[in-house]
Amino acid sequence: APGQAAAMNGLSVSQLCCLFCCPPCPSRIAAKLAFLPPEPTYAMVPEPEPAGSASTGSLRAGAAARWKLHLTERADFQYTQRELDNIEVFVTKSARGNRVGCMYVRCAPGARFTVLFSHGNAVDLGQMSSFYIGLGTRINCNIFSYDYSGYGVSTGRPSEKNLYSDIDAAWQALRTRYGISPENIILYGQSIGTVPTVDLASRYECAAIVLHSPLTSGMRVAFPETKKTYCFDAFPNIEKISKITSPVLIIHGTEDEVIDFSHGLALFERCPKAVEPLWVDGAGHNDIELYSQYLERLRKFISQELPSQRN
């Protein structure tokens, strides 16, 4: 009957019409929902190259150049100059032509693992730097991170395609610049950062993956009753997670107000390599790290469960 909404997998006719027929397209809608770059809280200043060093082409020289990190007050850095000196920053280039800001935090000399961390929305490397030092020190790992296109010093605009290209550039930089082998890399994604993390993990084997407050897909966040993955859906983690061949730890708060707890459950059920998950009772989207079981579960996963999974 006219005026009566016919639901199709949780979507009304009017909603489907809007998605198919009205600009902006669904991927742009998803981008607007997912990306909120803050005003940059840091800068990278190139340092003079040592005398006698020779560059081998502008792009390679740019990748190998030394940079100094300058944090603004908004970065809220909570450590001393000594810790700041253990942070190395540089820029690399993605396959899509964007400059990608990268940060390597030496938290644990001689650590077996390096965490490739893809952060959440509305923050950049400057704001995350204190957290990285605290996390790496407590779980005995070094931390490598990067800013998405349009975040921090990274150029370009935030988009789904750029997310995948950005993490590829970070992965290659970690492997080539620091010589870290895949079996010593733990991929860690938080919130929107689970999107590039799952994509990379579905294509490369590594030591392990941590998915912190993950989403199943963009449509399922925007329209919770969505039951299938449409061809125009953005961020389809739910379709890629079954391709991951490394151990996966999923962490989610039961009271998450941004990405419902059901997303973590659905990914856990779909993931063949999932280990015992961490469901944090009462935690929301941005406070899981404040619960003691967060660090306890990470420590156990990294120090006890990973070695047992090696030959």
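Conventions used here
- Residues numbered from 1 in each chain as written.
- Predicted model: local features only at pLDDT ≥ 70, side-chain atom pairs only at ≥ 80, totals over all residues.
- Heavy atoms only, no water.
- Salt bridge = Lys/Arg side-chain N within 4 Å of Asp/Glu carboxyl O.
- Buried < 20%, exposed > 50% of the residue type's maximum accessible area, 1.4 Å probe, protein only.
- Phe/Tyr/Trp six-rings, centres within 6.5 Å; stacked < 30°, edge-to-face > 60°.
- Helix = DSSP H or I, 4+ residues; strand = E, 2+ residues; numbered from the N terminus.
- Axes fitted to C-alpha atoms, helices over the stretch in contact; angles between N-to-C directions.
- Left-handed = near helix turned anticlockwise from the far one by under 90°.
- Contact = heavy atoms within 4.5 Å.

The next subject is the pattern of salt bridges. Using the criterion set out here, one finds 7 salt bridges in the structure. One salt bridge connects D199 with R203, and the closest N-O pair in it is separated by 2.9 Å. For D199, a relative accessible area of 9% corresponds to the buried category. The exposure class assigned to R203 is partly exposed, which follows from its relative accessible area of 40%.

Attention now goes to the packing of aromatic side chains. Following the criterion strictly, the structure yields 16 aromatic pairs and no others. Between F117 and F131 the ring centres are 6.0 Å apart and the planes differ by 75°, which places this aromatic pair in the edge-to-face class. Placement of F117 in strand 5 (residues 114–118) and of F131 in helix 5 (residues 125–139) is noted, with a sequence separation of 14 residues between them. An aromatic cluster of three or more residues is present, and its members are F90, Y104, F144 and Y178.

On to the packing of helix 6 (residues 160–177) against helix 7 (residues 194–201). Packing of helix 6 against helix 7 leaves a shortest axis separation of 9 Å and a crossing angle of 65°. Both helix 6 and helix 7 take part in a crossing whose hand is right-handed. Mapping the contact onto sequence places L163, Y164, I167, D168 and W171 in helix 6 and V195, P196, T197, D199 and L200 in helix 7.

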